[in-house]
Amino acid sequence: MAIAVHPGSFDPPTKGHLDLVLRGRKIFDKVVVVVGINSRKQPLFSASQRVELFRASLLEVGVSDVEVRSWEGLTIDVCRALGATVLLRGLRQGGDFEVEQSIALMNRRMAPEIETVYLNCREEFLGLTSTSVREISRMGGDVSPFVPKAVVAALHSLQRGL
Ligand code: ADP
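What comes next is a walk through the structure.

Conventions adopted
- Residues numbered from 1 in each chain as written.
- Predicted model: local features only at pLDDT ≥ 70, side-chain atom pairs only at ≥ 80, totals over all residues.
- Heavy atoms only, no water.
- Helix = DSSP H or I, 4+ residues; strand = E, 2+ residues; numbered from the N terminus.
- Rg over C-alpha atoms; globule rule 2.2 N^0.38 Å.
- Buried < 20%, exposed > 50% of the residue type's maximum accessible area, 1.4 Å probe, protein only.
- Contact = heavy atoms within 4.5 Å.
- Areas by Shrake-Rupley, 256 points an atom, 1.4 Å probe, with all protein chains shown as cover.
- Near = heavy atom within 4 Å.
- Polar contact = N/O pair within 3.5 Å; in protein donor to acceptor, adjacent residues only side chain to side chain.
- Nonpolar A, V, L, I, M, F, W, Y, C, P; charged D, E, K, R; others polar.
- Pairing = 2+ DSSP bridges.
- Right-handed = clockwise from strand over helix to strand, strands pointing away.

1. What to know about the overall build of the protein chain
Here is step 1 of the chain: Tallying secondary structure elements over the protein chain gives six helices and five strands in all.
Here is step 2 of the chain: For the protein chain, the succession of helices and strands along the chain, N to C, is β-α-β-α-β-α-β-α-β-α-α.
Here is step 3 of the chain: In summary, the protein chain has a C-alpha radius of gyration of 15 Å against a globular reference of 15 Å for 162 residues, a match within 12%.
Here is step 4 of the chain: Taking all 162 residues of the protein chain together, the buried fraction comes to 39%.
Here is step 5 of the chain: In the protein chain, 76% of the contacts between residues at least 6 apart in sequence involve partners at least 24 apart.
Here is step 6 of the chain: When the accessible surface of the protein chain is summed, it comes to about 9000 Å², and 53% of that surface belongs to carbon and sulfur atoms.

Here it is as C-alpha cells:
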C-alpha cells in the first residue's frame, strides 16, 4: 500500500494545495497532509489552526479519507513514522524546481527508501502562494478565488482582530 505524505507550511491552505491533495488521492492508497511546525518561523496561523483549516477545506469538497496532522522535525521522520514511502510535492513555476530538487536530493541521501513525487500545478493556480494570499488579505482584498471558504472566514476573523 503506497502512503504519500504531503508536507508544507499551509499558512494558510490554498485551493492549489487542496487540488494537489485531491489529485494525489487518485494515485496513492492514502494521502496524509503534514503541517510542518518550524519554531524559527512566526506563522500567521498556529499549527493546530492550519490543521483545522486543511481539514475543513477537505470537508468542503466532501473528502473525509485524508488525514491531516502536524509534525515538528524532519519530513523523512514523519514518513517513517507513518510508513509512507512517497513524499508528494507540487511544482508551480521554474523557481520551485530548483528548491524542490535540492530538498529531494537531501531527503534521498537521508532516506533512500522514500521517493519524492511531484505533480504539476494546474494552470489556474500557477501564481498562487500562501504568501500572496496573506498579503491580499492584509490589504483588505478578496481572497475567495484563491482559498477554501473556511480559510476566507478565518482570514476575515483575523482582519477583524477576533
Ligand atoms: P512550503 O513552506 O513547504 O513550501 P507550502 O505550504 O508553500 O509549503 O507548499 C506545500 C506544497 O504545496 C509544496 O509542494 C508546494 O509546491 C505545493 N503548492 C503550493 N502552492 C501550490 C499551488 N498553487 N498549486 C499546487 N501546489 C502548490
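The rest of the description comes next.
2. Here we look at the site of the ligand
Here is step 1 of the chain: Taken together, the neighbourhood of the ligand is formed by 14 residues, with Ser9, Phe10, Gly90, Arg92 and Phe125 sitting nearest.
Here is step 2 of the chain: Here an oxygen atom of the ligand and a backbone polar atom of phenylalanine 10 are 2.9 Å apart.
Here is step 3 of the chain: Within the backbone of leucine 128, a nitrogen or oxygen atom sits 3.1 Å from a nitrogen atom of the ligand.
Here is step 4 of the chain: Here the ligand, which alone exposes 550 Å², has 86% of that area covered by the protein.
Here is step 5 of the chain: The set of elements that each furnish at least two residues to the shell around the ligand consists of β1 (3–8), α1 (15–27) and β4 (86–91).
Here is step 6 of the chain: For the shell around the ligand, the residue count by class is six nonpolar, six polar and two charged.

3. Here we look at the pairing of β4
Here is step 1 of the chain: With two bridges joining them, β1 and β4 adopt parallel strand pairing. By the bridge assignment, valine 5 is partnered in β4 with leucine 87.
Here is step 2 of the chain: Taken together, β4, helix α4 (residues 94–110) and strand β5 (residues 115–120) form a β-α-β motif whose crossover is right-handed.

4. What to know about the environment of arginine 108
Here is step 1 of the chain: If you trace the backbone, arginine 108 turns up in helix α4.
Here is step 2 of the chain: Taking C-alpha positions, arginine 108 is 25 Å from valine 66, a pair spaced 42 residues apart along the chain.

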